[in-house]
Amino acid sequence: MDKVYLFFISLLSLLSIILLFKPFTPRKRRNLAPSPPSLPVIGHLHLIGEPFHRVLHDLSSKYGPVMSLRFGSRQILVVTSPSAVEECFTTNDIVLANRPQLLSGEYLDYDRTTLGSAPYGRLWRDLRRISTLELFSAARLKSYMAVRQDEVRSLVKSLSQDVSQDFTRVEMKSRIEGLSYNIVMRIVADKRFYGTEVDGFEEARKFKDLIREIFEVSGASNVGDFIPFLRWMDFQGLEKKLRKLQTESDSFIQRLIEERRSKRDSTTSCDGKAKTFIDAVLSLQESEPEYYTDDVIKGNMLVYNANCGNRHFISDHRVGMSLLLNHPDVLNRAREEIDEHIGHERLVEETDLPNLPYIQCIVHETLRLFPAAPMLVPHEPSEDCTIGGFDVPRGTIVLVNAWAIHRDPQLWDEPFSFKPERFEEIGNMGYRFIPFGMGRRQCPGAGFANRVVGTMLAVLIQCFEWKRVGDELVDLSEGKGLTMPKEKPLEAMCKVRQIMSEVLMEL
């Protein structure tokens with residue numbers, strides 16, 4: 001950011017002269033939200049750093065729960081108030097149904113034709129309907145339950161083979177990544193890329209490298225999104241990286257599509273419904289090939305892997321386990337609940353979750369403290385509107401700081417403490433608990449994520465005993481990126497519970 005700042009200053013004189021000669025056009029006076037002092041040309045970009053959500057929280061603490069910023073040529077509105085969030089996603093829900101047009105969406109979202117980036121309209125509504133019916137409906141969640149349980153069993157089997165009756169040091173990051181991505185890829189493309197029984201080691205390696213690079217590039221801030229002059233220059237070299245990554249991902253995913261296309265006749269279920277997301281869109285492609293193109297399929301496959309495969313599952317699992325290691329009393333209570341309601345003759349299954357309310361409380365409390373998306377995906381009003389009594393011009397980027405709302409002491413008792421029991425007594429949490437967003441562009445996979453995370457935590461607690469590697473608490477420091485990744489990989493001491501040995505042997 002220092003390099004960028006110095007570059008802006010060097011351009012300031014020239015740009016100021018140009019602005020002086022620009023014809024003056026009187027503008028309607030607007031009642032904008034409070035704002036910090038800004039600099040010419042760059043606005044408030046010099047105030048921004050990492051972690052992004054913490055920086056915005058500090059600014060909002062000074063300038064108010066509805067705050068206005070300017071990033072270069074773009075107006076920004078930051079919301080950290082439940083009442084303002086409610087106004088965004090009730091009164092202004094349709095107005096705020098668009099996404100900002102950012103550089104990454106042009107390449108990784110195939111010119112903004114994915115569920116996450118498409119403008120509000122027919123394509124977005126169709127993609128939402130497809131994802132709901134083919135991936136996240138009650139019927140589909142039930143039909144894919146065997147896939148999820150199979151991957152959970154595979155992880156438990158692998159972990160039990162690597163540990164013994166004595167505590168053994170284990171690394172959990174790669175195991176959790178494997179579980180998450182295998183579940184999503186089996187549902188989307190009927191492929192398995194992690195573990196010993198993978199569908200082609202070379203293809204699996206390319207997939208892992210591809211996803212890792214996508215997250216590295218997606219997490220990078222692009223100043224050119226806010227100052228067009230720097231976009232033309234590709235000042236940070238980001239566009240070149242995105243173009244290369246898009247070419248690689250396009251080739252990889254196209255092969256998956258062709259594979260599914262060649263197998264469709266033998267993979268259609270008896271009721272005529274496609275078994276995978278690719279199959280579902282290929283069915284629609286037959287009637288409207290110019291509308292449901294291969295690019296639409298490829299872009300949405302990347303979205304599902306990035307969001308379902310990483311953002312929620314991996315983050316929630318790793319942080320949830322870390323919190324349990326730091327709070328053995330919570331871990332013991334969760335184990336007692338499992339032993340009482342499930343016993344030791346079989347593994348916990350998804351259908352058991354309604355009988356394990358404390359496990360659900362742990363999942364909710366993890367999402368409250370460490371939401372996988374601390375800043376909700378940005379919204380952009382399609383017309384002028386008002387939020388919190390302030391004018392919001394069309395084209396403003398609206399950012400909701402879920403992390404700040406989840407830790408607001410006016411909304412939560414002991415907001416920085418890990419207390420799952422707080423969710424035992426809470427009824428309607430309204431707009432103070434929004435880990436998956438709100439409104440019509442809310443994440444459709446919330447139920448899916450909660451099932452996987454809850455089952456995974458319950459099985460790990462049921463089958464193994466856990467403790468920290470040393471006396472120090474597990475480090476929960478945040479790494480770089482927009483999804484609050486843990487800075488340090490999760491390691492723990494683990495051993496098989498003697499009472500579960502027979503069940504694990506049967507795996």
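Residues numbered from 1 in each chain as written. Predicted model: local features only at pLDDT ≥ 70, side-chain atom pairs only at ≥ 80, totals over all residues. Heavy atoms only, no water.

### With respect to the overall build of the protein chain
Helix and strand counts for the protein chain come out as 19 helices and eight strands. Accessible surface for the protein chain amounts to roughly 23,400 Å². Of this, 52% is attributable to carbon and sulfur atoms. (Helix = DSSP H or I, 4+ residues; strand = E, 2+ residues; numbered from the N terminus. Areas by Shrake-Rupley, 256 points an atom, 1.4 Å probe, with all protein chains shown as cover.)

### Notes on helix H5 (residues 122-136)
With 15 residues, H5 extends 20 Å from end C-alpha to end C-alpha; this agrees with the ideal 21 Å at 1.5 Å per step. Where H5 is concerned, the buried positions are Leu-123, Trp-124, Asp-126, Leu-127, Ile-130, Ser-131, Glu-134, Leu-135 and Phe-136. (Expected span 1.5 Å × (residues − 1). Buried < 20%, exposed > 50% of the residue type's maximum accessible area, 1.4 Å probe, protein only.)

### What to know about the pattern of salt bridges
For the structure on display, the rule yields 39 salt bridges. Glu-349 is paired through a salt bridge with Arg-153; the nearest N and O atoms lie 3.9 Å apart. Of this pair, Glu-349 sits in the loop between helix H14 (328-341) and helix H15 (357-369) while Arg-153 sits in helix H7 (residues 145-162), and the two are 196 residues apart along the sequence. Judged by relative accessible area, which is 32%, Arg-153 ranks as partly exposed. Close ionic contact of Glu-239 with Arg-243 constitutes a salt bridge, the shortest N to O distance being 3.7 Å. Here Glu-239 pairs with Arg-243, and both are found in helix H11 (residues 238-267), just four residues apart, close to one helical turn. (Salt bridge = Lys/Arg side-chain N within 4 Å of Asp/Glu carboxyl O.)

### Looking at the UniProt feature "binding site: heme" (unreviewed entry) in the protein chain
As recorded in UniProt, the feature "binding site: heme" (unreviewed entry) lies at Cys-443. Counting through the fold element by element, Cys-443 comes out in the loop between helix H17 (422-425) and helix H18 (446-463). (UniProt positions renumbered as here; feature names shortened; annotations may be inferred.)

### Describing the packing of aromatic side chains
On inspection of all chains with the given rule, the structure shows 14 aromatic pairs. Judged by centre distance (6.1 Å) and plane angle (55 degrees), the ring pair of Phe-193 and Phe-252 falls under tilted. Of the two residues, Phe-193 sits in the loop between helix H8 (173-189) and helix H9 (201-218) while Phe-252 sits in helix H11, which places them 59 residues apart along the sequence. With centroids separated by 4.9 Å and ring planes inclined at 80 degrees, the aromatic side chains of Phe-277 and Tyr-304 adopt a geometry described as edge-to-face. You can see Phe-277 sitting in helix H12 (residues 277-287) and its partner Tyr-304 sitting in helix H13 (residues 294-326), a full 27 residues away along the chain. By relative accessible area, Phe-277 is classed as buried at 1%. Members of the aromatic cluster, joined through ring pairs, are Tyr-181, Phe-193, Tyr-194, Phe-207 and Phe-252. Geometry around Tyr-291 places Arg-122 over its ring, the cationic atom sitting 3.9 Å from the centre. The ring centre of Phe-370 lies 5.2 Å from the NZ or CZ of Arg-407, which sits over that ring. (Phe/Tyr/Trp six-rings, centres within 6.5 Å; stacked < 30°, edge-to-face > 60°. Lys NZ or Arg CZ within 6 Å of the ring centre and 35° of its normal.)

### As for the side chain of Glu-380
Tracing the backbone through its elements, the reader meets Glu-380 in the loop between H15 and strand S4 (385-387). A residue is classified by how much of its surface remains accessible, and Glu-380, at 18% relative accessible area, is buried. In terms of polar contacts, Glu-380 uses its side chain to reach the side chain of Arg-74, at 3.0 Å. The contacts of Glu-380, once residues within four sequence positions are left out, are Arg-74, Val-95, Leu-96, Asn-98, Arg-99, Pro-100, Gln-101, Gly-395 and Thr-396. (Polar contact = N/O pair within 3.5 Å; in protein donor to acceptor, adjacent residues only side chain to side chain. Contact = heavy atoms within 4.5 Å.)

### So, the sheet that holds strand S7 (residues 464-467)
The strand order across the open sheet formed by three strands is S3-S8-S7, and the pairing between neighbours is antiparallel. What marks the edges here is a single partner per strand, and that holds for strand S3 (168-171) and S7. Pairs of neighbouring strands in the sheet enclose a mean axial angle of 45 degrees, with direction left out of account. Strand direction decides the pairing type here: S3 and strand S8 (residues 491-496), joined by four bridges, are antiparallel. Within S8, the position partnered with Thr-168 by the bridge is Cys-494. (Pairing = 2+ DSSP bridges. Axes fitted to C-alpha atoms, helices over the stretch in contact; angles between N-to-C directions.)

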